[in-house]
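Fold and contact review
Chain residues, written in single-letter form:
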Amino acid sequence: MSQDIALDTASTPPAASQRLKLPSSVWLGILAIAASILVPGALGNQYWTYTFTLVTLYIVVAIMQNMLISEAGQMSFGQGAVFGIAAVTAAVMTGLHGQPFWLSAIGGVGAGLVLGALFAAPALRVQGYYLGFVTLSAALVFPQLLIAFDSITGGVNGVPAFVMSLATPVYGSITPLSILAVLFAAFALLFHAVLPHTVLGRRMIIVSNSPEAAQALGIHPGTIRSIAFLIAAFGTAIAGVLYVPLVGFVGPTAFRVDFSIFFFLAVIVGGQGKLLGPIIGVWLLHLVPNVFLADFSHYRLLIYGVVALAVMLAFPDGVVGTLSKWITSRRSGSEKVTVSLHDALRKDDELAASPAPRPEDGAALIEVREARKSFGNAVALGGASLSVKEGTIHGLVGPNGSGKTSMLNTISGFMPLDSGKVELFGRNVTRLAPWRRTRMGVGRTFQTPRIFDRLSIWENVQIGREGFGRAGGENGLAKLGSLAARWRRQDPSLLPHGQRRLLEILRVMESDARVILLDEPAGGLSPEERADLAYLLVYFRDKLGKTILLVEHDLRMVWNVADEITVMETGTVAASGMPEEIKSNPKVRALFTGGGDA
Amino acid sequence: MSIDELALILVRGLGQGAIYALIGMSFNIVVNSSGILNFANGALLVLAGVLAYFILPATPDWTIWILAAVGIAACLFVFVSLQGVLTLFPLKSSVEQHSWLITTMAISVILSAGIHLYGGSLAFRVPSILPPVSVFGLSTPSAYFLLMALAVFWFVVIRWFHQKTFTGLAMSAIAQDLDAAKVAGISVKRIQLVAFGISGLVLATTGFVGAPVINISADTGIGYLLSGFTALVIGGLGSNLGAMVGGALVGVISMFAAYRFGGIYQDTVTMGLLIAVLMLRPEGIFGLAAARKV
């Protein structure tokens, strides 16, 4: 696993980072945070310097929470506990045991990471609301444990902890600590802005949108979720450590459940996924009830709840999201985009002139034997066998419900078998997880294309190349490079269904998978696009030596390109062989009478 | 550990476990019809207890007790149905996938804050309808036995409802295949609202019957929520039998922990159970691995 992590954090390809332009909202946010602390600081207003330094630490926690929600797609109601455990640990070390602050800070961050690991561990197995409950339970249990261990944590009296070097003003009421808070928040904001454009960020987005697609790209979803929780815990713990010298005291009642829920609601109210969301959210939810309506502070929680509910019902994008939507809607519409295989392939005409020789009796790269799987009484596969030879296009056809997709899922590992055996590249993989099979060199597409609207069109192709840590594609479509510039800024959400399908095919072709499984790739394509697709399949077989298993209803296309064809019926194989043999097989003819499209 | 200590832990553990099982079943009925887990379930349970505090006199008789039960059940039926309307409110946004998590959590926060505004952090004490029962010479609140009976009652009623009534059958259909249910002409929204309402009935009766032994205060809802969910995860999400078994397990184990290490560790032990089950067997004892995902 540690190897995977090393790969995940690999830097962005140079081409992408050179062109990476951070949205102006990052600078706006940094400016706003800096001004909120430094302006009252320069004026010598201690109260507001203190308040905004505290608020800025909270903003960092909210930024981490925002990253968890919007990139990693995970819910945490326990970030307050991570903040709290870091603060308490640092305070106890420095305040009660007289350790230097830097050592206490390391201790505090370490404690925060331990709690983060407690969230990260179940994240390896489960996701979404399960983790919501796990984190919520930590938020509930943490203050109880503080009281239970009051002999260590100073009990109801709390722990006083002063760090004079950080709290002594250097100018006006600006302290080294307030400068540290500004820098730290700026760094957190920059991190969140850059993250979606890194390999790790893209993987988080893929995992949160479609764990299956992540596996089909060789990504282990649990690892990515765990990393997200650890990163969030790291940032949150640093904020918790800085809280100690700022407040000078850590009490046992400071980090109750509502403290954790506050961060969650602040992100929602501010606008989830928006860079400025956490800033606006924390300002609104903290300053309004605690400072401006201090007399009503006991209505604080009620206000949080009502505001969050109202925002969710009326402005689900939050304050920042709603505003930015309103602004963009007043600007002109975006350009129409298409993905065309023509563009990717045009003028590669030499193919037709010199078809590469095909291995007639290549080794079987896919070998499925007597595969059986049923769900209750419904039999998906009833002892089906399949053998796909290296360097061939193998067509898999049959009526709806005959088990074609089940066969694909069996090969790529999404459907564990009741009995039978699956071999890939001569290795028994029957019990191997899908993402591990992908890493052996098996790529696939899905019946419903998995296109990620958060990523640009180019990034949607690029993630195929990043699937298992290969640097830069050599054997892909050279032509694609020239399209990168145009596609890098284009949003795939406007693509029609057929084009999304092509995009997914390009992605898998760009990966270094040697075996490619295509699930109804021609569905929704125009006749011209189908011709292009057929051409592409032959191109990849002959030029790049890929092996392709093609599930398709367009029988004409299958018969045109396939070297071998397997016909399935009710979970079993009805016939298998060369296209000409299959065509004349009376059993097969009976299956397909009543129309070309079975 | 002596035999009467064991009996004490078992009886009280099973009694508490009945509360968790009932919360688990109230989760199930909604999750099976809409995939939504209501984070307000704990606060709703406490709300029923608070209502019982207001309605019941110091020494209730059976007439008042039953009338109060019906009244509170009706209240929560309406309230949770309304919550269902808010939760299922069509959200036209790219971020709607998690909306239910947020709206149900917000309702939970609002309920707890409201209870806190009224009663602070103090616990509301609710009188029992029956005198304590002696078990192995130890006086045991009768509410524990009423709760066990209630858990069995709702288990049977919900089973009957799912198998014999049209609405219940429609609910099962939605749980199995949403698209097919829609095509078959089932009004999905309406059925989902009914499910919310029924979960309100389960929580109302649990909070009311259990009020003498439930810790009714603004801060305790989340603890019940988590114990109920843990019971569900152990048994298998969606299975009421699982909720019964899981509830009993969580109840007895956490009662044992409270007895052995002190009540303050009760939630810690429950959290440990939750994490352990999620790591070892996320689908639970009676849960089925999901069928075809792609």
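Residues numbered from 1 in each chain as written. Chains lettered and ligands numbered in written order. Predicted model: local features only at pLDDT ≥ 70, side-chain atom pairs only at ≥ 80, totals over all residues. Heavy atoms only, no water.

Observations concerning the overall build of chain A
- Each helix and strand in chain A was counted, giving 28 helices and 12 strands.
- Evaluated residue by residue, chain A yields a buried proportion of 58% over its 598 residues.
- Restricting the contact set of chain A to residue pairs at least 6 apart, pairs at least 24 apart contribute 76%. (Helix = DSSP H or I, 4+ residues; strand = E, 2+ residues; numbered from the N terminus. Buried < 20%, exposed > 50% of the residue type's maximum accessible area, 1.4 Å probe, protein only. Contact = heavy atoms within 4.5 Å.)

Regarding the sheet that holds strand 6 (residues 419-424) of chain A
All names here are of chain A.
- Read across the sheet, four strands follow the order 4-3-6-7 without closing on themselves; strand pairing throughout is antiparallel. Lying at the two open borders of the sheet, with one neighbouring strand each, are strand 4 (378-389) and strand 7 (427-428).
- Examined bridge by bridge, strand 3 (residues 364-375) and strand 6 share five bridges and lie antiparallel to one another. Bridge pairing links glutamate 367 to glutamate 423 in strand 6.
- Lying over the sheet, helix 20 (residues 404-412) contacts strand 3, strand 4 and strand 6, oriented at roughly 65 degrees with respect to strand 4. (Pairing = 2+ DSSP bridges. Axes fitted to C-alpha atoms, helices over the stretch in contact; angles between N-to-C directions.)

Thoughts on helix 7 (residues 129-148) of chain A
All names here are of chain A.
- With 20 residues, helix 7 should reach 28 Å at 1.5 Å per residue; the first-to-last C-alpha distance of 28 Å fits that figure.
- The largest bend along helix 7 reaches roughly 25 degrees and is located at valine 141, with the proline proline 143 sitting one to four residues downstream.
- Most of helix 7 sits inside the fold, with 15 of its 20 residues counted as buried. (Expected span 1.5 Å × (residues − 1). Bend = angle between axes of the 7 residues up to and from the residue.)

Topic: the pairing of strand 10 (residues 547-551) of chain A
All names here are of chain A.
- Counted residue by residue, strand 10 has five buried out of five residues, so it is predominantly covered.
- By the alternation rule, side chains of strand 10 split into Thr547, Leu549 and Val551 and Ile548 and Leu550, which are all buried.
- Bridge count for strand 5 (residues 393-397) against strand 10 is four bridges, and the pairing is parallel. Counterpart to histidine 394 in the pairing with strand 10 is leucine 549.
- With five bridges connecting them, strand 9 (residues 515-519) and strand 10 associate as parallel partners.

Brief notes about the sheet that holds strand 12 (residues 572-577) of chain A
Residue and element names in this part refer to chain A.
- Read across the sheet, six strands follow the order 8-9-10-5-11-12 without closing on themselves; strand pairing throughout is mixed. The outermost strands of the open sheet, each flanked by one partner alone, are strand 8 (442-444) and strand 12. The sheet shows a mean angle of 15 degrees between the axes of neighbouring strands, direction not considered.
- As paired strands, strand 8 and strand 9 are joined by three bridges and run parallel to one another. Looking at strand 9, one finds that glycine 443 is bridged to isoleucine 516.
- Sheet strands touched by helix 20: strand 5, strand 8, strand 9, strand 10 and strand 11 (564-569). Its angle to strand 9, the strand with the most contacts, is close to 150 degrees.

Some words on the confidence of the model for chain A
- Mean pLDDT over chain A stands at 83; residues scoring 70 or higher make up 86%.
- Note that pLDDT drops below 50 for residues 594-598 of chain A; the model gives that stretch seven contacts with residues more than four away or on any other chain. (pLDDT = per-residue confidence, 0-100.)

Concerning the packing of aromatic side chains
Residue and element names in this part refer to chain A.
- With the rule as written, the count across this model stands at 37 aromatic pairs over all chains.
- Ring geometry for tryptophan 48 and phenylalanine 52: centres 5.9 Å apart, planes at 35 degrees, overall tilted. Here tryptophan 48 and its partner phenylalanine 52 are both found in helix 4 (residues 46-70), four residues apart, which amounts to about one turn of the helix.
- A relative accessible area of 24% means that tryptophan 48 is categorised as partly exposed. (Phe/Tyr/Trp six-rings, centres within 6.5 Å; stacked < 30°, edge-to-face > 60°.)

Here's the deal with the interface of chain A and chain B
- Each side of the interface is counted separately: chain A has 50 residues, and chain B has 46 residues.
- Taken together, the two surfaces of chain A and chain B that pack against each other cover about 4,600 Å², and 80% of this comes from carbon and sulfur.
- Linking chain A to chain B there are one salt bridge.
- Salt-bridge contacts for Asp219(B) lead to Arg256(A); the nearest nitrogen and oxygen are separated by 3.5 Å.
- Residue assignment for the side of chain A that touches chain B shows that the elements contributing at least two residues are helix 6 (101-123), helix 7, helix 14 (257-270), helix 16 (300-314) and helix 20 of chain A.
- Sort the elements by how many residues they give to the side of chain A that touches chain B and helix 7 of chain A lands first, with 13 residues. (Buried area = accessible area lost by both parts, 1.4 Å probe. Salt bridge = Lys/Arg side-chain N within 4 Å of Asp/Glu carboxyl O.)

A few points about the nonpolar core
- Within the largest apolar cluster, 208 residues are counted, with the highest numbers of intra-cluster contacts made by Tyr58(A), Phe133(A), Leu136(A), Tyr243(A), Phe255(A) and Phe39(B).
- Ignoring sequence-local partners within four residues, the contact set of Tyr58(A) consists of Phe83(A), Tyr243(A), Phe259(A), Phe262(A), Phe263(A), Val282(A) and His286(A). (Core = buried A, V, L, I, M, F, W, Y, C linked by side-chain atoms within 4.5 Å.)

Focus: the pattern of salt bridges
Residue and element names in this part refer to chain A.
- Applying the stated criterion across every chain yields a total of 17 salt bridges over all chains.
- One salt bridge in this structure joins aspartate 563 and arginine 541, with 2.9 Å as the shortest N-O distance. One end of the pair, aspartate 563, is in the loop between helix 26 (555-561) and strand 11; the other, arginine 541, is in helix 25 (residues 527-544), and 22 residues separate them in sequence. Accessibility classification places aspartate 563 together with arginine 541 in one group, the buried group.

Brief notes about helix 14 of chain A
All names here are of chain A.
- Spanning 14 residues, helix 14 covers 20 Å between terminal C-alpha atoms, matching the ideal 20 Å at 1.5 Å per step.
- Along helix 14, 13 of the 14 residues are buried, which leaves the element largely enclosed by surrounding structure.
- Note on helix 14: the residue one or two positions beyond its end, glycine 271, has a positive phi of about 130 degrees.

Side note on the environment of Thr547(A)
All names here are of chain A.
- Of note, threonine 547 is situated in strand 10.
- Considered as a pair, threonine 547 and alanine 513 are 34 residues apart in the sequence and their alpha carbons are 9.0 Å apart.
- If near-sequence neighbours (up to four positions away) are discounted, threonine 547 is found in contact with Leu365, Val388, Lys389, Glu390, Gly391, Thr392, Arg514, Val515 and Ile516.

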